[in-house]
Amino acid sequence: MDILPSIIASDFSSLNDEIKSIEECNLKFIHLDVMDGHFVNNLTFGPLIVCAIRKMTNLILDTHLMISNPSKYLLKFYECSDIVDVHIETGKEAFECIEIAKRNNFKIGIVVNPETHPKYIFPVLEDVEQVIIMTVNPGFAGQEMIESVLWKIEFLHNFRTKNNLPFKITIDGGVNWNNIYKLKNLGADRVVMGKSFFSLSIDERKNYTLKFKTSPQ
Ligand code: DX5
Ligand code: ZN
């Protein structure tokens, strides 16, 4: 299972060192939370910062758009991201983004909020690289996981097997070094980790990551 550190929980005054620490842990991805103060109640950063991060690392950049009208900015984010994720709650916009990604052969993820039933993403599951199951209401790092939505992992896992589809299942929100094992056993392929990763010292990040990777649980 892959751990995707979420940069919004990092110390932006030493962003380069924070990113290097992800590489030193031998992880493959960075998760970038883009928020517009409209789709969610918080503001973070836009393509300028994503493109600056692109210059700092060869890690896979996974850009999670929590913005209204994502189709308007999609190509801008693809200039420097490897995967861009859009929320099904943006409705027609999400379908438009998936069409754009398909036409350009870009990797796209679809995201479902805690209160959204995963049946709404059935029509796009053939076209997405990953499904992100939100286990907090999007907007802020450091929230507690809403465990009552974890049934969606098995639900999507079964759908994937039955239809022989390749999409990955990613969990975003409140993942920590205790509940990560449960997520793995339920069938998650990737987990986003904000506070529980970046609140550690760099040595602890390496130790915890290694311990998880080598643990039989
Ligand atoms: C929440 C974001 C998450 C968040 C995860 O709106 O989408 O990616 O940064 O942070 P933690 O792991 O601290 O919940
Ligand atoms: Zn996210």
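The model shown is predicted, which means the values in this text are computed figures rather than measured ones.

Novice: Explain the state of the cysteines here, please?
Specialist: Here is the idea: a disulfide is a covalent bond, and it sits between the sulfur atoms of two cysteines. Summed over the entire model, instances satisfying the criterion amount to one disulfide. For Cys51, the disulfide goes to Cys80, at an S-S distance of 1.7 Å. Of this pair, Cys51 sits in helix α2 (residues 47-56) while Cys80 is found in the loop between α3 (70-78) and β4 (83-87), placing the two residues 29 residues apart along the sequence. For Cys51, a relative accessible area of 24% puts it in the partly exposed group. With a relative accessible area of 5%, Cys80 lands in the buried category. In this structure Cys97 is a free cysteine whose sulfur lies 16 Å from that of Cys80, the closest cysteine sulfur available. The class of Cys97 is buried, set by a relative accessible area of 0%.

Novice: Just to check I follow, could you spell out the sheet that holds strand β1 (residues 2-5) for this structure?
Specialist: Sheet strands pair via backbone hydrogen bonds, and the direction of the pair is either parallel or antiparallel. Strands sit in the order β1-β8-β7-β6-β5-β4-β3-β2 across an open sheet of eight strands; the sheet is parallel. Each edge of the open sheet carries a strand with a single partner, namely β1 and β2 (29-35). Ignoring which end each strand starts from, the neighbouring axes of this sheet average 25° apart. Relative to β4, strand β3 (residues 60-66) runs parallel, the two being bridged by three bridges. Looking at β4, one finds that His64 is bridged to Asp85. Strand contacts of α3: β2, β3, β4 and β5 (107-112), with the helix running at about 165° to β4, the strand carrying the most contacts. The strands touched by helix α5 (residues 151-163) within the sheet are β6 (130-134) and β7 (168-172), with β7 carrying the most contacts at an inclination of about 170°.

About the cut-offs
Residues numbered from 1 in each chain as written. Chains lettered and ligands numbered in written order. Predicted model: local features only at pLDDT ≥ 70, side-chain atom pairs only at ≥ 80, totals over all residues. Heavy atoms only, no water. Disulfide = S-S within 2.5 Å. Helix = DSSP H or I, 4+ residues; strand = E, 2+ residues; numbered from the N terminus. Buried < 20%, exposed > 50% of the residue type's maximum accessible area, 1.4 Å probe, protein only. Pairing = 2+ DSSP bridges. Axes fitted to C-alpha atoms, helices over the stretch in contact; angles between N-to-C directions. Contact = heavy atoms within 4.5 Å.

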